[in-house]
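# Structural overview
Next come the chains, spelled out residue by residue.
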Protein chains: 2
Amino acid sequence: MNRVPLEQKVLSENDRVAASLRERFRQHNVFCVNLISSPGSGKTSLLERTLAVLPKDARVAVLTGDIRTENDSARLKRFGFPTKQITTGGTCHLDARMIDRHLADWDLSDLDILFIENVGNLVCPSSYDLGEAAKIVVLSVTEGEDKPLKYPSIFFKAELMIMNKTDLLPHVPFDPDLCEENARKVHPNMECLRVSCLTGDGFAEWLQWLEQRRNAYLNLQPEVVSHR
Amino acid sequence: MNRVPLEQKVLSENDRVAASLRERFRQHNVFCVNLISSPGSGKTSLLERTLAVLPKDARVAVLTGDIRTENDSARLKRFGFPTKQITTGGTCHLDARMIDRHLADWDLSDLDILFIENVGNLVCPSSYDLGEAAKIVVLSVTEGEDKPLKYPSIFFKAELMIMNKTDLLPHVPFDPDLCEENARKVHPNMECLRVSCLTGDGFAEWLQWLEQRRNAYLNLQPEVVSHR
């Protein structure tokens, strides 16, 4: 049985909605990032610590996806920024229509940065454009250095790899240099950051990346904005 | 757009092949387990340590799935048991037809246990029956206690949860009792084991589980074999 034509139809419909989201983000100068990782790599912890250190008047919002539960939005709402849970009910990824629907009652002109936390899955979310300016792949140091080689699609599409849980490095057989080398085999220009959401190591660099990348986004003319 | 009818067709075709595999495993008394987890939870490490402690004449074989690379089969072949890599090339799960194809040149009457290591993905593999006698979900203690609630399908379908990397418990904010409690909210009769593939803690219990569960499988009359 050939599933490809239907999958292509679903993806091209998704691309249409994503392109319209990208255009709206551009009009309102909203820098949108799409965080993708395995379950438990620490996407929510990364956002918790990020929201904790941002100024209280930062114009930031979060959409967080899960198959079930509102646990993540409950964790993130504590920081006082607009936050919504997207519960997919079984679907293994977020799609552009879900983003569009959950943005309906937010005024994009109130925002500078929109964080999207995808469903925990290193495979399927990489196929669904959400209109983001950048995909970010998060990997924990407990997961093994060969993940970029085994799951190349998301490492090819993400422009930044965040290696999380570096506080555990003394306790796990994991070589962070080898992991970065593997990521750059898949994606030679991959930017890499090492952070610990427990200790805060690497957060200065992560916040700097966000600021610089957002400035680059704002300075890009619409006609030269490219999307992988 | 409604994808459901095609997905149902794909799944019912998969169920047909899986039922035929299940019948063949039954005829040859092969106890087959399907290991499912996030990327990096330690399925391959669990199998490495299991193969290392089994008698050299144990009648055991392994099929190991990944999107790309033959890394896992290279790690597992060292132990001298029949091992094959299934490289899906992008597909986020193993399906019954892949298992059927990769078993073609193995004589099932040579085997007592077949381990199937699925693609690292806590979502999609739970929908694809591979003809196994038991699904086992592996979770690492670095992943957070709420994973059973967020990804309920696989925790509902697995009869055993193996909590791996217990050697890291002193270093991570993780309550293993709470994790088991969450697993049993989804699946009240869930069996739970705690292991460390680094130290070997819990391996006696895991090997005992395998032996007892295999004996139960052998003693079941074909007409009372049930499958979730």
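In case you missed it, the structure is sitting above this.
Now for a quick tour of the structure.

Cut-offs used in this document
Residues numbered from 1 in each chain as written. Chains lettered and ligands numbered in written order. Predicted model: local features only at pLDDT ≥ 70, side-chain atom pairs only at ≥ 80, totals over all residues. Heavy atoms only, no water. Helix = DSSP H or I, 4+ residues; strand = E, 2+ residues; numbered from the N terminus. Rg over C-alpha atoms; globule rule 2.2 N^0.38 Å. Buried < 20%, exposed > 50% of the residue type's maximum accessible area, 1.4 Å probe, protein only. Contact = heavy atoms within 4.5 Å. Lys, Arg positive; Asp, Glu negative; His and termini not counted. Charge placed at Lys NZ, Arg CZ, Asp CG, Glu CD. Pairing = 2+ DSSP bridges. Axes fitted to C-alpha atoms, helices over the stretch in contact; angles between N-to-C directions. Least-squares fit on C-alpha atoms with pLDDT ≥ 70 in both. Parallel < 35°, antiparallel > 145°, perpendicular 65-115°, else oblique. Nonpolar A, V, L, I, M, F, W, Y, C, P; charged D, E, K, R; others polar.

## Thoughts on the overall build of chain A
Each helix and strand counted, chain A has eight helices and seven strands in total. For a compact globule of 228 residues, the expected C-alpha radius of gyration is about 17 Å, and chain A comes in at 17 Å, within 12% of that figure. The dimensions of chain A, computed from C-alpha atoms along their principal axes, are 55 × 45 × 40 Å. Split into buried and exposed, the 228 residues of chain A put 58% on the buried side. Intrachain contacts of chain A at a sequence separation of at least 6 include 72% that bridge at least 24 residues. Averaging the positions of the 28 positive and the 32 negative side-chain charges in chain A gives two centres separated by 4 Å.

## Let's talk about the sheet that holds strand β6 (residues 160-164) of chain B
Residue and element names in this part refer to chain B. One open sheet holds the seven strands; their spatial order is β3-β2-β4-β1-β5-β6-β7, and the pairing between them is parallel. Of all the strands in the sheet, the pair left with one neighbour each is β3 (83-87) and β7 (191-194). Here the average twist between neighbouring strands, direction ignored, is 20°. Here four bridges tie β6 to β7, and the two strands are oriented parallel to one another. Considered in β7, the bridge of L160 is made with E191. Packed onto the sheet, helix α7 (residues 176-186) meets β5 (134-140), β6 and β7 and runs at close to 160° relative to β6.

## So, the sheet that holds strand β3 (residues 83-87) of chain A
Hydrogen bonds between backbone groups are what pair the strands of a sheet, and the pairing can be parallel or antiparallel. All names here are of chain A. Within the open sheet, the seven strands sit side by side as β3-β2-β4-β1-β5-β6-β7. Their pairing is parallel. Two strands close off the open sheet at either side, each with one partner strand: β3 and β7 (191-194). When the angles between neighbouring strand axes are averaged without regard to direction, this sheet yields 20°. Relative to β3, strand β2 (residues 60-66) runs parallel, the two being bridged by five bridges.

## Some remarks on the pairing of β5 of chain B
Residues and elements named next belong to chain B. With seven of seven residues buried, β5 lies mostly within the body of the structure. The alternating pattern of β5 places A134, I136, V138 and S140 and K135, V137 and L139 on opposite faces, both of which are buried. In this structure, strand β1 (residues 31-37) lies alongside β5, joined through five bridges in parallel fashion. Following the sheet pairing, N34 is matched in β5 by K135. With five bridges joining them, β5 and β6 adopt parallel strand pairing. Bridging across to β6, I136 finds its partner in L160.

## What about the relation of the copies chain A and chain B?
Superposing chain A onto chain B takes a rotation of 180° plus a shift of 0.0 Å along the axis, which leaves an RMSD of 0.0 Å. The operation mapping one copy onto its partner corresponds to a two-fold rotation axis. In this assembly the copies share their binding face: 100% of the residues contributing to the interface of chain A also contribute to that of chain B.

## Observations regarding the packing of helix α2 (residues 43-53) of chain A against helix α8 (residues 203-219) of chain A
Residues and elements named next belong to chain A. Contact geometry for α2 and α8: axes closest at 11 Å, N-to-C directions at 80°. The angle between α2 and α8 falls in the class roughly perpendicular. Contacts from L46, R49, T50 and V53 in α2 reach F203, W206, L207 and L210 in α8. Here the contact of α2 with α8 is composed, by residue class, of six nonpolar, one polar and one charged.

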